[in-house]
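Remarks on the overall topology
Spelled out from the first residue to the last, the chains are:
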Amino acid sequence: MPKSKIKGVGFYVPDKVIKNSDLEEIMDTSDEWIQERTGIKERRWVEGDLTTSLMGTYASKIAIKNAKISKNDIDFIIFATLSPDYFFPGSGVLLQKNLQIKEVGALDIRNQCSGFIYGLSVADQYIKSGMYENILVVGSEIHSGGLDKSSRGRSVSVIFGDGAGAAIVSKSNDESEILSTHLHSEGKFAEELAVIKPATTFWIDKIIDDGDEDGEGFFPKMNGNFVFKNAVKRFEEVIFESLNHNNYTSKDIDMLITHQANLRISQYIQKKLNIDDNNIFNNIMSYGNTTAASIPIALYEALKKNKIKRGDLVCLAAFGSGFTWASALIRW
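The text that follows walks through the structure, step by step, so that each part is easy to find. (Residues numbered from 1 in each chain as written. Predicted model: local features only at pLDDT ≥ 70, side-chain atom pairs only at ≥ 80, totals over all residues. Heavy atoms only, no water.)

Attention shifts here to the sheet that holds strand 5 (residues 105-109). Overall, mixed pairing links the 5 strands, which are arranged 1-7-6-4-5 in an open sheet. Strands with a single pairing partner mark the edges of an open sheet, and in this sheet they are strand 1 (3-12) and strand 5. Strand-to-strand, the axes of this sheet are offset by a mean angle of 20 degrees, without reference to chain direction. Sheet topology note: the strand 4 (residues 76-80)/strand 6 (residues 134-141) ladder contains 5 bridges and is parallel. If you follow I77 over to strand 6, its bridge partner there is L136. Against the sheet, helix 4 (residues 91-99) makes contact with strand 4, strand 5 and strand 6, and its axis sits at roughly 125 degrees relative to strand 4, the strand it touches most. (Pairing = 2+ DSSP bridges. Helix = DSSP H or I, 4+ residues; strand = E, 2+ residues; numbered from the N terminus. Axes fitted to C-alpha atoms, helices over the stretch in contact; angles between N-to-C directions. Contact = heavy atoms within 4.5 Å.)

Below you can see the structure in the form of structure tokens.
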């Protein structure tokens with residue numbers, strides 16, 4: 001059976017930096033409060049004509065270059081996002097148009113913070129089946145336009161940033177490979193972290209009739225403490241699931257990259273797994289929570305800083321809205 005590997009990674013973040021001090025000017029919050037609870041110092045927010053698919057395009061070009069392939073070698077696209085350009089069509093086909101890639105299949109994934117690992121898992125299975133040889137997997141998000149930037153929404157709005165990451169998943173002919181992926185969901189908690197409107201349950205005529213002029217029902221809502229408790233539990237479980245499946249222990253991990261949801265969550269998981277500071281990578285301090293983009297952005301930066309070398313055992317893990325959670329264990 002063929003095996004797959006991550007052949008190249010790319011990322012893109014907008015130029016506009018939003019520091020915690022900038023948020024102090026528009027809502028009742030403080031740099032100290034934000035850093036204490038999340039670890040975040042700044043994030044990027046889009047301005048101008050940037051779109052989710054366009055950011056994904058920029059990240060993809062870097063990934064293609066780093067993979068040392070041509071865009072014409074790509075035979076499938078997987079695009080993970082909770083913030084597509086349009087309600088429909090999905091951003092995958094827009095990415096294909098932007099890159100002027102030949103007429104290949106394009107799949108959109110809506111698994112929020114777990115979206116990139118879900119996409120990685122799908123790509124891995126397609127490669128293993130022999131159906132495709134080079135798959136472009138993208139996570140790209142624009143949160144800034146959908147946040148409640150008043151004091152009412154501060155507990156959520158200070159967390160999120162915009163950005164994109166991309167990876168080329170290809171057939172492996174050497175020792176590098178995606179060893180396994182593990183996917184889970186628990187839909188009974190779907191509304192604990194969600195944007196409920198607009199939706200087909202609250203569609204155009206209902207929106208007009210509702211007259212929700214301040215838009216409160218259209219902003220993200222999060223039961224913060226409940227999400228935190230579930231996140232730390234599921235992160236630990238799914239990381240150990242990947243290790244046990246491949247007969248490894250946490251001591252074997254050379255690099256752990258978790259979804260950058262909250263620095264306190266990452267630190268808690270690091271302590272539970274007894275992972276050394278040199279074997280975990282966090283960059284939420286600079287970018288905030290970029291949902292489906294956070295893992296490929298962190299993976300790109302870890303590689304650029306030479307924190308991952310050939311042969312390393314790399315573990316990726318995510319938890320988010322749905323609830324969904326996932327892990328991937330990779331021999332780099």
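So, on to the packing of aromatic side chains. Tallied over the entire structure, the rule returns 12 aromatic pairs. Geometrically, the ring pair formed by F87 and W203 is tilted, given 5.0 Å between the ring centres and 50 degrees between the ring planes. Pair noted here: F87 is in the loop between strand 4 and helix 4 and W203 is in the loop between strand 9 (193-194) and helix 7 (204-210), with a separation of 116 residues, a long-range link. By relative accessible area, which is 58% here, F87 ends up exposed. The partly exposed category is assigned to W203, whose relative accessible area is 35%. With a centroid separation of 5.2 Å and 75 degrees between ring planes, the pair formed by Y126 and Y132 is classed as edge-to-face. Overall, the relative accessible area of 25% leaves Y126 in the partly exposed class. Relative accessible area serves as the criterion here: at 16%, Y132 is assigned to the buried category. (Phe/Tyr/Trp six-rings, centres within 6.5 Å; stacked < 30°, edge-to-face > 60°. Buried < 20%, exposed > 50% of the residue type's maximum accessible area, 1.4 Å probe, protein only.)

Moving on to the sheet that holds strand 11 (residues 255-258). Strands belonging to one sheet form pairs held by backbone hydrogen bonds; the direction of such a pair is parallel or antiparallel. Taken in spatial order, the 4 strands of this open sheet run 8-13-12-11, and their pairing is mixed. Lying at the two open borders of the sheet, with one neighbouring strand each, are strand 8 (177-185) and strand 11. Adjacent strand axes in the sheet meet at a mean angle of 10 degrees, parallel and antiparallel pairs treated alike. As defined by bridge partners, strand 11 adjoins strand 12 (residues 313-320) across 4 bridges and the pair is classed as parallel. Residue pairing across strands places M255 opposite V314, the latter belonging to strand 12. The sheet contacts of helix 5 (residues 115-129) involve strand 8, strand 12 and strand 13 (324-331), and relative to strand 8 the element is tilted by about 130 degrees.

On to the state of the cysteines, then. Enumeration over the complete set of coordinates arrives at 0 disulfides. The closest cysteine sulfur to the non-disulfide-bonded C113 is located on C315, 17 Å from its own sulfur. The class for C113 is buried, based on a relative accessible area of 9%. (Disulfide = S-S within 2.5 Å.)

Helix 9 (residues 263-273) packs onto helix 8 (residues 224-245) with a crossing angle of 45 degrees between their chain directions and a minimal axis gap of 10 Å. One way to sum up the angle between helix 8 and helix 9 is to call them oblique. Every pair of crossing elements has a handedness; the one defined by helix 8 and helix 9 is right-handed. Residue-level contacts link F228, A231, V232, F235, E236, I239 and F240 of helix 8 to R264, I265, Y268, I269, K272 and L273 of helix 9. Residue composition of the contact of helix 8 with helix 9, by class: 10 nonpolar, no polar and 3 charged. (Parallel < 35°, antiparallel > 145°, perpendicular 65-115°, else oblique. Left-handed = near helix turned anticlockwise from the far one by under 90°. Nonpolar A, V, L, I, M, F, W, Y, C, P; charged D, E, K, R; others polar.)

Right, let's talk about the nonpolar core for a bit. If you look at the biggest cluster of nonpolar residues, it comprises 40 residues, and the most contacted ones within it are I6, I257 and L316. For I257, the residues in contact, after removing those within four places along its chain, are F281, I295, A298, L299, A302, I308, C315, L316 and A317. Judged by nonpolar contacts, the second largest core, of 23 residues, contains F235, V238, L256 and F323. (Core = buried A, V, L, I, M, F, W, Y, C linked by side-chain atoms within 4.5 Å.)

Turning our attention to the pattern of salt bridges. For the coordinates displayed, the defined rule picks out 13 salt bridges. For E36, the salt bridge is made with R37, and the minimal N-O distance between the two is 3.9 Å. The exposure class assigned to E36 is exposed, which follows from its relative accessible area of 51%. Given a relative accessible area of 38%, R37 falls into the partly exposed group. Look at the salt bridges and you will find they share partners, linking K5, D174, E175 and R310 into a network. (Salt bridge = Lys/Arg side-chain N within 4 Å of Asp/Glu carboxyl O.)

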